[in-house]
Amino acid sequence: MNVLSGKPDFSLVSKDNCVVSGVGEANRSADDEISPILPDAPRLVELFADFRDGAAVGFALSQVPAGGSILWVQERMAALETGRPFGRAFARFGGDPEQLVLACSRNAADLLWAMEEGLRCSSLSAIIGEVYGDPRALDFTATKRLAMRAERQGVHVFLIRFQGSATLSAARQRWKIRSLPSVPHPFDDRAPGAPRWHAELFRARDMRPGIWEASYDRAAHRLDLVPPLCHPEMDQEDGQGGVRARAANS
Amino acid sequence: MRALIPNLQVEDAAPEMDAADLVMLMRWSRRWCPWSQIDGASGLLLDSAGSAHLHGGEDAMIRDMAGAFGALGLTANIAIAPTIGAAWALARYGGQRFAVCAGGQILERLAPLPAAALRLDGATTLLLVRLGLKTVGALAEVPRESLIRRFRKIEAFSANPVLRLDQAIGRQKELLVSEEIAPALRVVRKLAEPLGDAEGLSQVLRDLADDLCTIMEQKHSGARALRFTAYRVDGEVLSTEARTSRASRDAAHLVTLFDGLLERLDPGFGVEAAGLEVIDHEVLGGLQGDLHEQRRDTMAFAQLIDRLVARLGIGSVLKPVQRGSHIPERAEDLVPHAMLGKPDENPVQRPLETPLKLLATPEQAEVIHAVPDGPPARFRWRYKVHDIARSQGPERIAPEWWRAGPGTRLRDYYHVEDSEGRRFWLYREGLVGDGRGDNPRWYIHGLDA
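Residues numbered from 1 in each chain as written. Chains lettered and ligands numbered in written order. Predicted model: local features only at pLDDT ≥ 70, side-chain atom pairs only at ≥ 80, totals over all residues.

Caption draft 1: How the structure looks around the overall build of chain B. Along the backbone of chain B there are twelve helices and 16 strands. Per-residue burial for chain B yields a buried fraction of 29% across its 449 residues. Contacts spanning at least 24 positions in sequence make up 53% of the contacts within chain B whose residues lie at least 6 apart. (Helix = DSSP H or I, 4+ residues; strand = E, 2+ residues; numbered from the N terminus. Buried ≥ 20, exposed ≤ 12 C-beta atoms within 10 Å, placed from the backbone. Contact = placed C-beta atoms within 7 Å.)

As structure tokens, then:
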């Protein structure tokens, strides 16, 4: 396993996967790049996603501390286009629907205000905000305020941006998230299995950017990041229902 | 009945609303005398001792009352008597709309009235009638000792004619218990000079909140709803209201409830006085902090909800509540967080997974399927075609016949994953040939991670 000093183990990635994927290239050799550790410290994380894709929501929920109360703020447009959170599904990600507070804002300014208000409350464990497009109110100053308060208060803040463009932002991590074909279902070949996501970290403060395949480990309630395969054909084969050797590696 | 009288209007009885109206009427009737009480489902008791002369004597007061009740559209039978029992009997069984009974003539006035006029229940009245005691006078003529011997074991007033007779003629005291109306929790400040800016108003609000919290602390109450009123120099009255999600008397918190609301008040030429009033309150004991970290946390959480409600509106801060229904949009309601929404007694446990997000209204999609009535193979949603790689289903949910209209069709839900891995929850409404409309249509209902 990895030998990173002192940092808490948020995500564990095994290296036998690298052998499978044949990572021998120069840019993959760095140890921290192959097996990244998502910093456990709460911070502002920005997730870019397509509005038809629920991947970013799952990616965010799998990093929320289990059982904590969540403030979920949705801009009006995001709520209309991508739907409202359905509390019953939260149990799948270790959440408790009783602990969910759902706020709907008319515009991005209200959304940012509500998220900042949430950061003044000490009893929340995570705040999730959903924005559609590139509103003017969401500028560098606004994200900087959120980022600094999140670090001071110790609250995970996820800003999910549907159809957004990566403009200037002070978010400590910025990801592009999209869905990948899921892991085969253990009992049914034709059914969708556990979800996997294609996660591209394109800007981060204390991590090297990179591309990973992310999946949620339900038993341990953690996010697993795995480097993608070099040969996509292998993935294709797997997509047809073949046994994935890497499915249970971490 | 309506067949006999075609223009008969039928309304459902609403006893609770009648009772609430009677309480209001009871308070309103304190315009004549300071003590009043509700009597049964249709009566009011007023203690007019010492206040009749203010209205020009008892006769004049009765006429005044009749006029006032008549103006409200009510018909009142009014009787003034030295005892509650006598007034009750004269008003209901006296046969006159207005009756005034002087001190010495109670028995004389009550004698011709039926025995039921003594506030006795039906069984006792029937017993008296069978005994041949049909009027109050007949009852009063029976030797007292034998009456007492007959009814000595009965303690309930309504079943004991001796006690009732004593109450009516004043041999036994009966008290009128008047409900105290709590004084309004309200503070007002008059300003030395008219204020024209919102900044000044918020300073006034802070002062008012401090005053109000001192009063509430003495009364051991906490505010659930507040109204801020500003009196303008030109006579206009502006007011705005805010609610808290739990009882609070923290001045700083009460002030934050009005964030963004004060700016909407137009001070015009200036505001010369302002008031803060508690519309709704609850008993709130002293809070002991710090020993339990938990308590402060829940308080902070409630205050967060209040701040969000104050700015976004009560309908925008929601929480999911489980309901007992299999239809997904009904299985979980989003109710305002500030309300005390109780979950259903028996929520439905779904064996299958649900999507993370549910569209507010299902959106129609065009679906192509390989086999009729089989799983979908391809669908077009929001102008984009998705090829379905894997699917799971159907999960059939039948309509709720006790709630839905007759034409409602069943739903077959499918979990699908398209070629790019996006996961959707879609359903087919109806079956081919189920006799409830033409070809079944497909809807996207949820997005999954």
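Caption draft 2: Local environment of the overall build of chain A. What chain A contains, in helices and strands, is seven helices and ten strands. Each of the 250 residues in chain A was classed as buried or not, and the buried ones make up 46%. In chain A, the share of contacts with a sequence separation of at least 24, taken over all contacts with a separation of at least 6, comes to 74%.

Caption draft 3: Focus on the sheet that holds strand β8 (residues 271-283) of chain B. Residues and elements named next belong to chain B. As summarised here, the arrangement of the four strands in space is β5-β8-β6-β7, forming an open sheet in which the pairing is antiparallel. The open sheet has two free edges, formed respectively by β5 (186-195) and β7 (237-248), since each of these has just one partner strand. Neighbour-to-neighbour, the strand axes of this sheet turn through a mean angle of 15°, independent of strand direction. As paired elements, strand β6 (residues 221-232) and β8 share eleven bridges and run antiparallel to each other. Note that in β8 the partner of Ala225 across the bridge is Asp280. (Pairing = 2+ DSSP bridges. Axes fitted to C-alpha atoms, helices over the stretch in contact; angles between N-to-C directions.)

Caption draft 4: Looking closely at the interface of chain A and chain B. Counting from both sides, the interface comprises 40 residues of chain A and, opposite them, 40 residues of chain B. Where the side of chain A that touches chain B is concerned, the elements lending two or more residues are α3 (55-61), α4 (76-82), β3 (84-85), β4 (100-105), α5 (108-119) and β7 (173-180) of chain A. Looking at the side of chain A that touches chain B element by element, the count peaks at six residues for β4 of chain A. Looking at side-chain class alone, the side of chain A that touches chain B contains 20 nonpolar, eleven polar and nine charged residues. (Nonpolar A, V, L, I, M, F, W, Y, C, P; charged D, E, K, R; others polar.)

Caption draft 5: Quick peek at the pairing of β8 of chain B. Here β5 of chain B runs beside β8 of chain B; their pairing, made up of six bridges, is antiparallel. Within β8 of chain B, the residue paired with Val187 of chain B across the bridge is Leu276 of chain B.

Caption draft 6: Helix α1 (residues 15-28) of chain B, seen in detail. With 14 residues, α1 of chain B should reach 20 Å at 1.5 Å per residue; the first-to-last C-alpha distance of 20 Å fits that figure. Burial of α1 of chain B is sparse: only zero of the 14 residues sit out of reach of the surface. (Expected span 1.5 Å × (residues − 1).)

Caption draft 7: Representation of the nonpolar core within the structure. Within the largest apolar cluster, 115 residues are counted, with the highest numbers of intra-cluster contacts made by Leu47, Ala60, Ala103, Val157, Ile160 and Ile177 of chain A together with Leu205 of chain B. Sorting elements by how many residues they give to this core places helix α9 (residues 198-219) of chain B first, with eight residues. If we skip the residues at most four places from it in the chain, Leu47 of chain A touches Ala56, Phe59, Ala60, Phe158, Ile160, Arg161, Trp175 and Ile177 of chain A. Counting 31 residues, the second-largest nonpolar core is a separate cluster that includes Met61, Ala87, Ile106 and Ala168 of chain B. (Core = buried A, V, L, I, M, F, W, Y, C linked by C-beta atoms within 7 Å.)

Caption draft 8: Quick peek at the packing of helix α3 (residues 84-93) of chain B against helix α8 (residues 161-169) of chain B. All names here are of chain B. Where α3 meets α8, the closest approach of the two axes is 5 Å, and the angle between their N-to-C directions is 95°. What the angle tells us is that α3 and α8 run roughly perpendicular. Of the residues in α8, those in contact with Gly85, Ala86 and Ala89 of α3 are Arg164, Gln167 and Ala168. Of the residues assigned to the contact of α3 with α8, the class counts are three nonpolar, two polar and one charged. (Parallel < 35°, antiparallel > 145°, perpendicular 65-115°, else oblique.)

Caption draft 9: How the structure looks around the environment of Ala171 of chain A. Here Ala171 of chain A lies in the loop between β6 (156-162) and β7. In this structure, Ala171 of chain A is in contact with Leu44, Val45, Glu46, Thr143, Ala147 and Leu159 of chain A, ignoring residues within four places of it in sequence.

Caption draft 10: Spatial organisation of the confidence of the model for chain A. Taken over all residues, the pLDDT of chain A has a mean of 80, while the share at 70 or more is 76%. The low-confidence segment residues 1-31 of chain A, where pLDDT is below 50, has 49 contacts with residues more than four positions distant or belonging to other chains. (pLDDT = per-residue confidence, 0-100.)

Caption draft 11: The sheet that holds strand β9 (residues 210-217) of chain A, seen in detail. Strand order in the open sheet made by the eleven strands is β10(A)-β9(A)-β8(A)-β7(A)-β1(A)-β6(A)-β5(A)-β2(A)-β4(A)-β9(B)-β10(B), with mixed pairing throughout. Every interior strand has two partners, whereas the edge strands, β10 (222-226) of chain A together with β10 (332-336) of chain B, have only one. Across the sheet, the axes of successive neighbouring strands diverge by a mean angle of 30°, strand direction being ignored. Bridge count between β4 of chain A and strand β9 (residues 317-322) of chain B: two bridges; the pairing is antiparallel. Across the sheet, the residue bridging to Leu102 of chain A is Leu318 of chain B, located in β9 of chain B. Contacts from α5 of chain A reach β2 (70-75), β4, β5 (126-132) and β6 of chain A, with the element oriented near 175° to β5 of chain A. Taken strand by strand, helix α6 (residues 140-153) of chain A contacts β1 (44-49) and β6 of chain A, and its axis lies near 130° from that of β1 of chain A.

Caption draft 12: The arrangement of α3 of chain B in detail. All names here are of chain B. Taken across its ten residues, α3 has eight buried, putting it largely inside the fold. Among the residues of α3, Ile84, Gly85, Ala86, Ala87, Trp88, Ala89, Leu90 and Ala91 are the ones counted as buried. At its buried positions, α3 is contacted by β2 (43-47), β3 (78-80), β4 (98-100), α4 (106-110) and α8. Immediately beyond the C-terminal end of α3, within one or two residues, lies Gly95, with a positive phi of roughly 85°.

Caption draft 13: View of the pairing of strand β14 (residues 411-418) of chain B. Residue and element names in this part refer to chain B. In terms of burial, β14 is largely enclosed, as seven of its eight residues are buried. In the sheet, strand β13 (residues 384-397) pairs with β14 via seven bridges, with the strands oriented antiparallel. Residue pairing for β14: Ile388 is matched across the bridge by Asp418. In terms of strand pairing, β14 meets strand β15 (residues 423-429) through seven bridges, oriented antiparallel. Counted as the bridge partner of His415 is Trp425 from β15. Counting the residues that bridge the hairpin from β14 to β15 gives four residues, and of these Gly421 lies at a positive phi of roughly 95°.

Caption draft 14: Broad picture of the confidence of the model for chain B. The share of residues in chain B with pLDDT of 70 or more is 96%, and the mean pLDDT across the chain is 87. At the level of chain-chain contacts, confidence expressed as ipTM amounts to 0.80, with global pTM at 0.64.

Caption draft 15: Highlighting unusual backbone geometry. The linkage connecting Gly393 of chain B with the following residue, Pro394 of chain B, adopts the cis geometry, with an omega of 0°. With respect to the helices and strands, Pro394 of chain B occurs in strand β13. A positive phi angle, close to 50°, is found at His221 of chain A, a residue other than glycine. When you line up the elements, His221 of chain A lands in the loop between β9 and β10. Positive phi values are uncommon outside glycine, yet Arg382 of chain B reaches one of about 55°. Among the structural elements, Arg382 of chain B can be located in the loop between β12 (376-381) and β13. Looking at Arg382 of chain B, the number of C-beta atoms within 10 Å reads 11, which means it is exposed.

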